[in-house]
Each structure stands twice: as C-alpha cells, then as structure tokens.
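Now for the letters of each chain:
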Amino acid sequence: SLKIISLEGLTKLKTIGSYFLYNCNSLESINLSSLNSVEKIDEGFLHNCHSLESINLNGLTKLEIISARFLYDCNNLINIDLSSLNNLKQIGKWFLYNNTKLISINLSGLNNLEIIGNKFLIKCTSLQQVIYDKKNKIIKARVPVIKNII
C-alpha cells in the first residue's frame, strides 16, 4: 500500500488529471515541490485520501487553477500552507470539504486569487486558524467566522 509519494522528475507536466490519486486510503504524505511547471490540477486530485497527514505545495509556482474536491474528505490533514501559490487564480468548490482534523490554513500569499468555490472550508470542524491578507476580499468573503483569523 502506497504511503509516501514524490512526483520528482515530472518537470514538463502542465496539468494533473482528474482523480489522479483518488481513494489512496493509505497515502500519508505527498511532495509536489518539484512540479514547478504545473498550471492546473483537475478535480478530485486527492479525494478520499483518508490517511493523508502532510502535503508539500511549495514548488507549484505556476499553478493557476485548483479544481473542485482537491483535498475532499482527507480527514487526517492538520495543517495546510498555500502561501507559496502566488499565481493561483481559482480554487474550486469543496476544496477542503470534511477535513475534520484541520486546525490551520495559510492563505497569505494568494494575492492573485479571483475565485473561491462554494463550500471552501465546509465541515472543517476543528479549524482554529486562517492566515490571510485582510485586504483580500475574495478570501475574506469565504472564510468562516472563527476566533483566530490572522
């Protein structure tokens, strides 16, 4: 059973297809840092990866679109940092749906973001901290009312 995956060597990859790692229930960690040519991640990329605890998105410098259900029902993820995704323009609906252990999300570098889909953080019942630039009206409109918004 697959526990850790690194997608090194895929230097010319522009799009990650729909449901690429769907239902990888034993996957605990994924490193996407070498995917600096990826511009789009299609729907359901890590949908139902129930054991996922960590994801490294730091190298996705050209990423513009994350489609629906990116981390849908990945309920072992505790923190996620999107701050390095400076070119991101769109996040699809149900992005972090039912991530019941998610405590913190960093959205501070998303200055080009134009669209956040419906139910962005729905059923993230443990969420305590959302870090983002208060001037970003797109994010501000979608962030739930919680105590520790930085």
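Scroll up a little and you will see the structure.
This text gives an overview of the structure that appears in the document.

Attention now moves to the sheet that holds strand β6 (residues 65-66). What the five strands build is an open sheet, ordered β2-β4-β6-β8-β10; its pairing is parallel. Each edge of the open sheet is held by one strand with a lone partner, namely β2 (15-16) and β10 (115-116). Pairing of β6 with strand β8 (residues 90-91), which is carried by two bridges, proceeds in the parallel orientation. For I66, the partnering residue across the bridge sits in β8 and is I91.

Topologically, G9 is positioned in the loop between β1 (4-6) and β2. Given the relative accessible area of 62%, G9 is considered exposed. Along the sequence, G9 and G44 sit 35 residues apart, while their C-alpha atoms lie 22 Å from each other.

What follows concerns the side chain of R69. As for its position among the elements, R69 is in the loop between β6 and β7 (79-81). Residues contacting R69, with those up to four places away along its chain left out, are Y19, E43, G44, F45, H47, K93 and W94.

With that out of the way, let us pick up the nonpolar core. Within the largest apolar cluster, 45 residues are counted, with the highest numbers of intra-cluster contacts made by L46, I55, L71, I80, L82 and I105. Setting aside anything within four residues of it in sequence, one finds I80 in contact with I55, L57, L71, L96, L102, S104, I105 and N106.

What counts and what doesn't
- Residues numbered from 1 in each chain as written.
- Predicted model: local features only at pLDDT ≥ 70, side-chain atom pairs only at ≥ 80, totals over all residues.
- Heavy atoms only, no water.
- Pairing = 2+ DSSP bridges.
- Helix = DSSP H or I, 4+ residues; strand = E, 2+ residues; numbered from the N terminus.
- Buried < 20%, exposed > 50% of the residue type's maximum accessible area, 1.4 Å probe, protein only.
- Contact = heavy atoms within 4.5 Å.
- Core = buried A, V, L, I, M, F, W, Y, C linked by side-chain atoms within 4.5 Å.

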